[in-house]
Amino acid sequence: MTHITVPLEELEGAARDLDNVLSLLENGTRELDLEQMLGNAPDVMGAARTFDRRWSDGRKQLIDEGKKIRDKIREVTGAFVDTDNHVAQALDQEKK
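Treat the numbers as computed from the prediction; the structure is a model and nothing was measured. (Residues numbered from 1 in each chain as written. Predicted model: local features only at pLDDT ≥ 70, side-chain atom pairs only at ≥ 80, totals over all residues. Heavy atoms only, no water.)

## As for the overall build of the protein
Inference 1: Within the protein one finds 3 helices and 0 strands.
Inference 2: Starting at the N terminus and walking to the C terminus, you meet the elements of the protein as α-α-α.
Inference 3: Its C-alpha atoms give the protein a radius of gyration of 23 Å, more than 25% over the compact-globule value 12 Å for 96 residues.
Inference 4: When its C-alpha atoms are laid out on the principal axes, the protein stretches across 80 × 15 × 15 Å. (Helix = DSSP H or I, 4+ residues; strand = E, 2+ residues; numbered from the N terminus. Rg over C-alpha atoms; globule rule 2.2 N^0.38 Å.)

In structure tokens form, the structure reads like this:
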């Protein structure tokens, strides 16, 4: 018989860690007051606003894709647990 080992604890830990990262991306940042930070230098302000806008777009993309990965990890973990439970039940039935 072939033995398949699925690292469920590691998968669940990865999903939890990803949740923490997503939480930081969603809630751990605040809008920057660029004028207060950089003063009134138009070229620097323009570059800072461009960076901030692009980072906001990138952060949203990271959050969206991170949630998809987290959900798939949980889906895979659930499928392995369900399969293991069904196989165990079938083996129990055969023993009776």
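Text resumes after the structure shown.
## Comments concerning the pattern of salt bridges
Inference 1: As enumerated under the stated definition, the model contains 6 salt bridges in all.
Inference 2: Across the pair Asp-19 and Arg-74 runs a salt bridge, and its minimum N-O distance is 2.4 Å. Residue Asp-19 is located in helix α1 (residues 8-27), and its partner Arg-74 is located in helix α3 (residues 42-95); the two are separated by 55 residues in the primary sequence.
Inference 3: By relative accessible area, which is 24% here, Asp-19 ends up partly exposed.
Inference 4: A relative accessible area of 41% places Arg-74 in the partly exposed class.
Inference 5: Glu-75 serves as the salt-bridge partner of Lys-72, at 3.2 Å between the closest nitrogen and oxygen. Of this pair, Lys-72 and Glu-75 both sit in helix α3, separated by 3 residues, roughly a single helical turn.
Inference 6: A single salt-bridge network, built from bridges that share partners, covers Asp-19, Arg-70, Asp-71 and Arg-74. (Salt bridge = Lys/Arg side-chain N within 4 Å of Asp/Glu carboxyl O. Buried < 20%, exposed > 50% of the residue type's maximum accessible area, 1.4 Å probe, protein only.)

## As for the side chain of Thr-77
Inference 1: With respect to the helices and strands, the residue Thr-77 is situated in helix α3.
Inference 2: Of note is the side chain of Thr-77, whose polar atom sits 2.8 Å from the backbone oxygen of Ile-73.
Inference 3: Ignoring sequence-local partners within four residues, the contact set of Thr-77 consists of Leu-8, Leu-11 and Glu-12. (Polar contact = N/O pair within 3.5 Å; in protein donor to acceptor, adjacent residues only side chain to side chain. Contact = heavy atoms within 4.5 Å.)

By themselves, these figures tell us nothing about what the structure is for.
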